[in-house]
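Take a look at the letters that make up each chain.
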Amino acid sequence: MKELEWFIEAAEAGERIDKYLSGKQEDWSRTTIQAWIKEGLVLVNEATIKRNYVLQAGDKIAVYPKEPEEPEITAENIPLDIRYEDSDIVVVNKPRGMVVHPAPGHYSGTLVNALMYHCRDLSGINGELRPGIVHRIDKDTTGLLVAAKHDNAHENLSVQLQDKKIERLYRTIVHGTIPHERGTIEAPIGRDPKDRQKMAVTEKNAKDAVTHFTVLEQWKDYTFVECRLETGRTHQIRVHMAYIGHPVAGDPKYGRTKTLSIAGQALHAARLGFAHPVKNEYMEFETSLPEDMSKIIEDLRKRS
């Protein structure tokens, strides 16, 4: 079991240990931390503590994270909209409502379950829960993503992603009318300090995030926007558009209560471009808007 350590500075004293530790890892909740404390997996100054322990300056925290038991992920015969496939990669147009990879509460019906049935061979770099997955899009975001069939392809695509060489273009409907034809949002994104289930523009434990946008069409209360990702942070477009006062329509997490009638955020991964990981030839794929977004745009045009 891997040990993780932290030393408490004076500015951090006075905070409950469960709250402090829950901010150190995305998948650590206060409930999880309290359970580990009860099992003796969290030590302060090499001694066990109570769940309501308040940190003191100079404290040494040692955590021995308990690995969750993960169920076996099985292949499932789920139809896929495959836009390209060869012996190295597969490009899929993901529908709204499909989770990309298994996670607590979603161990079946995911894109990974479907890919395991269809491909039989996927890279193992991201482990059993995320075989082949190079990048992801949210459950209720539609559109294109690429999966790798072997580790060499996965490593190559990951480097392209890290080096910002993969073209990822999204189309979205946002609230309000944007007063600029185009712009760039450059604001760091990290875990929301007030709500661990959300991301936010913040300076604390954040990573640089850059989104370029272009206005495609405007109506009275909404704008159709094209966004190009320079970085790929969790919920980046949703967080950035909300940050500038134009949240994505239908977004249950970052959007407004009064919004368009759509089952999830009106956000679509419309274009994906990259160099083939083996042939090194540039490839680009584009997919049209899903039916629900197209219908909404038609209605907005009729109203204006």
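One can find the structure itself at the top, above this paragraph.
Residues numbered from 1 in each chain as written. Predicted model: local features only at pLDDT ≥ 70, side-chain atom pairs only at ≥ 80, totals over all residues. Heavy atoms only, no water.

Going through the model one piece at a time under the given rule, you end up with four aromatic pairs. Each ring, one from Trp6 and one from Trp28, has its centre 6.0 Å from the other, and the planes form 80 degrees; the classification is edge-to-face. With Trp6 in strand 1 (residues 4–7) and Trp28 in the loop between helix 1 (17–22) and helix 2 (30–38), this residue pair connects regions lying 22 residues apart in the sequence. Accessibility assignment for this pair places Trp6 and Trp28 in one class, buried. (Phe/Tyr/Trp six-rings, centres within 6.5 Å; stacked < 30°, edge-to-face > 60°. Helix = DSSP H or I, 4+ residues; strand = E, 2+ residues; numbered from the N terminus. Buried < 20%, exposed > 50% of the residue type's maximum accessible area, 1.4 Å probe, protein only.)

Here Val100 is to be found in the loop between strand 6 (89–94) and helix 3 (111–119). Here Val100 falls in the buried class, since its relative accessible area comes to 2%. Residues Val100 and Pro179, 79 residues apart in the sequence, show an inter-C-alpha distance of 35 Å. Excluding residues within four positions of it along the chain, Val100 makes contact with Lys94, Thr110, Leu111, Val112, Ile133, Arg136, Ile137 and Leu145. (Contact = heavy atoms within 4.5 Å.)

What follows deals with helix 3. Regarding helix 3, the residues found buried are Leu111, Val112, Asn113, Ala114, Leu115 and Cys119. On its buried face, helix 3 sits against strand 5 (82–85), strand 6 and strand 7 (142–148). Looking at where helix 3 begins, the residue whose side-chain oxygen comes 3.3 Å from the main-chain nitrogen of Val112 is Thr110. Just beyond helix 3, the residue with positive phi is Arg120, at close to 70 degrees. (Polar contact = N/O pair within 3.5 Å; in protein donor to acceptor, adjacent residues only side chain to side chain.)

Per the stated rule, a full pass over the model turns up 16 salt bridges. A salt bridge links Glu230 to Lys164, with the shortest nitrogen-to-oxygen separation between them at 3.7 Å. Of the two residues, Glu230 sits in the loop between strand 13 (222–229) and helix 5 (236–243) while Lys164 sits in the loop between helix 4 (151–162) and strand 8 (167–175), which places them 66 residues apart along the sequence. The exposure class of Glu230 is partly exposed, given its relative accessible area of 27%. (Salt bridge = Lys/Arg side-chain N within 4 Å of Asp/Glu carboxyl O.)

Note on backbone geometry: most residues besides glycine have negative phi, and most peptide bonds are trans. Phi at Asn45 takes a positive value of approximately 55 degrees, unusual for a residue other than glycine. Note that Asn45 resides in the loop between strand 2 (42–44) and strand 3 (47–48). For Asn45, a relative accessible area of 43% corresponds to the partly exposed category. Backbone geometry at Asn280 places phi at a positive 65 degrees, although glycine is not the residue there.

One finds Leu111, Leu115, Tyr170, Ile178, Ile237 and Met241 to be the most contacted residues of the largest nonpolar core, which totals 29 residues. Every element with two or more residues in this core is listed here: strand 6, helix 3, strand 7, strand 8, strand 12 (210–218), strand 13, helix 5 and strand 14 (267–275). Among the elements that line this core, the one with the most residues is helix 3, at four residues. Beyond its immediate sequence surroundings of up to four residues, Met241 is in contact with Val174, Ile178, Ile185, Cys227, His246, Pro247 and Val248. With 16 residues, the next largest nonpolar core counts Trp6, Ile8, Tyr20 and Val44 among its residues. (Core = buried A, V, L, I, M, F, W, Y, C linked by side-chain atoms within 4.5 Å.)

Interpretation in functional terms is not warranted from these geometric data alone.
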